[in-house]
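# Examination of the molecular architecture
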Amino acid sequence: MHADRHCMSAWTGRTDPEADSARWHQRIRALNEASEPGLALLGFACDEGVRRNHGRVGAAGAPQSVRKALANLAWHRQAPAYDAGDVTCEDGDLEAAQARLGRNVCALLDAGHLPVVIGGGHEVAFGSWSGLAEHLSGNPAPQIGIVNFDAHFDLRDPAHVHSSGTPFAQIAEQCAARGWPFRYACLGVSRASNTRALFSRAAELNVLVREDREIREATLESIGAELDAFAAGCDALYLTIDIDVLPACEAPGVSAPAARGVRLELLEPLIERLKASGKLRLADLAEINPEYDIDNRTAKVAARLIHLLSL
Ligand SMILES: [Mn+2]
C-alpha cells in the first residue's frame, strides 16, 4: 500500500554538535516495506468534510505544518519512527479518500506499526477507524474502543451527507451492520456547542460523555479511572484528538475555536493513561487549520501531542 504522495522536505531543523542531542528531523525515516515496526506518521490532507459541514476549510494543509513543528522537537525514542506520506482528497471525493486512508492504515497495522494519522478535518476518523476495523476483521466481533477528545460529538445523522460532523455516526452504523459493539467515549464536549438532539443520540448509543467543564484538576483521577474501565472492556483502542477540544488561546488554528475548551495540562495525563493501558493501536489528530493559526501555536500543540504519544 502506498500513500498518494511522499515528500520528506518538511523534516529539517537545528542540528546540535553535542552527542545524544538528536531531534526528530534527524531520526525519522521514509517508510518502506522493509521497515521494522515503529511509529508511522500518515497525513490525511483533506478538508472536504469540513467544507460539507460549512466549516472553515484549511485543514488539508495541516499534515505539512505539523511535520514542520515536530521536526525540531527533541528525539527521546528508542524505537524507530517513519513518515508514511499523505493521502489526499481529489475532486471532493471524500469517500474515496477515506477508503484509501483506511487501506493505508490497515497496511501499517498489518506491518506491526502504530499509525498516527495527521488530519485533515475530523472526517479523518471514519477512514482511520475503517483501517483498524479491516485489520481486526478476522476476529468475530472485535471490541474497538474509540476515545475522542472533542468539543463536539460528531454524531450528526449521516443519511444525507458525510462530513466532519458525522464520522462517529457512520462508525456506529458500520458496527450495527457488522454486529459489532459500538464503544465510544467523547470527552471535552461543550454543551453550548451540541444540540439536545446530539446529546440524546449520544445517550441512545451509550456514549461515555464528559463535558469540558467536568474535566478539572479535581476530577482528573476519577475520569482517568473511568477511562481505565472503558479500556478494560475493549480489545483495542483508537484515540482521536480533535484539536478544537483545546481552548482557543492554546489552539487558535481550527475551524471552530473553543470559547472554553480543555487545557493541554488536563489532556496530557488522560492521554498518558490511555497509553498505559497497552491497548492503543491507532491515533489521529484532527481539525488543525494552519490558515487560522497564530505563531504556529496549534501546529506546536499537535506536534507536542505526537511527541507524547511517541514516548
Ligand atoms: Mn470533531
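Residues numbered from 1 in each chain as written. Predicted model: local features only at pLDDT ≥ 70, side-chain atom pairs only at ≥ 80, totals over all residues. Heavy atoms only, no water.

The name an unreviewed UniProt entry gives the chain is Formimidoylglutamase, with Ectopseudomonas guguanensis as the organism. What UniProt records for the chain under Sequence similarities (unreviewed entry) is the sentence "Belongs to the arginase family." (UniProt positions renumbered as here; feature names shortened; annotations may be inferred.)

Tallying secondary structure elements over the chain gives 10 helices and nine strands in all. Over its C-alpha atoms the chain spans a radius of gyration of 18 Å, differing by no more than 12% from the 19 Å that the globule rule assigns to 311 residues. Each principal axis of the C-alpha atoms in the chain carries an extent, and together these give about 55 × 40 × 40 Å. Across the chain, the fraction of contacts at a sequence separation of at least 24, relative to all contacts at a separation of at least 6, is 78%. If you sum the accessible surface of the chain, you get close to 12,900 Å²; carbon and sulfur atoms cover 48% of it. Of the side chains in the chain, 31 bear a positive and 41 a negative charge, and the two mean positions are spaced by 3 Å. (Helix = DSSP H or I, 4+ residues; strand = E, 2+ residues; numbered from the N terminus. Rg over C-alpha atoms; globule rule 2.2 N^0.38 Å. Contact = heavy atoms within 4.5 Å. Areas by Shrake-Rupley, 256 points an atom, 1.4 Å probe, with all protein chains shown as cover. Lys, Arg positive; Asp, Glu negative; His and termini not counted. Charge placed at Lys NZ, Arg CZ, Asp CG, Glu CD.)

Now for the environment of Leu-270. Here Leu-270 is to be found in helix α9 (residues 264-276). Exposure remark for Leu-270: the relative accessible area of 1% places this residue in the buried category. Distance from Leu-270 to Asp-157, taken between C-alpha atoms, is 29 Å for residues 113 residues apart in sequence. Setting aside residues up to four positions removed in sequence, Leu-270 forms contacts with Phe-149, Ile-215, Leu-220, Ile-223, Gly-224 and Leu-227. (Buried < 20%, exposed > 50% of the residue type's maximum accessible area, 1.4 Å probe, protein only.)

Within the first shell, the manganese ion binds the protein through His-122 (ND1), Asp-150 (OD), Asp-154 (OD) and Asp-242 (OD), at distances of 2.1 to 2.3 Å. Mapping the donors of the manganese ion onto the primary sequence yields the spacing H-x27-D-x3-D-x87-D. Here Asp-242 lies in strand β8 (residues 236-242) and His-122 lies in the loop between β4 (114-119) and α5 (124-135), a separation of 120 residues in the sequence. For Asp-242, a relative accessible area of 1% gives the class buried. (Donors = N, O, S within 2.8 Å, 3.2 Å for Na, K, Ca; no water.)

Further remarks concern unusual backbone geometry. Note the cis peptide between Gly-119 and Gly-120, where omega equals 20 degrees. Mapped onto the fold, Gly-120 is located in the loop between β4 and α5. Located in the positive-phi region is Glu-287, a residue other than glycine, with phi close to 75 degrees. Considering the arrangement of structural elements, one finds Glu-287 in the loop between β9 (280-286) and α10 (297-310). At Asp-295, a position not held by glycine, the phi torsion is positive, near 55 degrees. As for its placement among the helices and strands, Asp-295 is situated in the loop between β9 and α10. Taking the relative accessible area as the measure of exposure, Asp-295 reaches 67% and is therefore exposed.

Burial within β4 is extensive, with five of its six residues counted as buried. As defined by bridge partners, strand β2 (residues 39-45) adjoins β4 across six bridges and the pair is classed as parallel. Counted as the bridge partner of Leu-39 is Leu-114 from β4. The pairing of β4 with β9 spans three bridges and is classified as parallel. Following the sheet pairing, Val-116 is matched in β9 by Ala-283. (Pairing = 2+ DSSP bridges.)

Another aspect to go through is the nonpolar core. Ranked by internal contacts, the top residues of the largest apolar core, which has 53 residues, are Leu-41, Val-147, Phe-149, Leu-239, Ile-243 and Ile-271. Tallying contributions element by element places α10 first for this core, with eight residues. Of all hydrophobic cores here, the second largest spans 42 residues; its members include Val-87, Val-105, Ile-144 and Phe-153. (Core = buried A, V, L, I, M, F, W, Y, C linked by side-chain atoms within 4.5 Å.)

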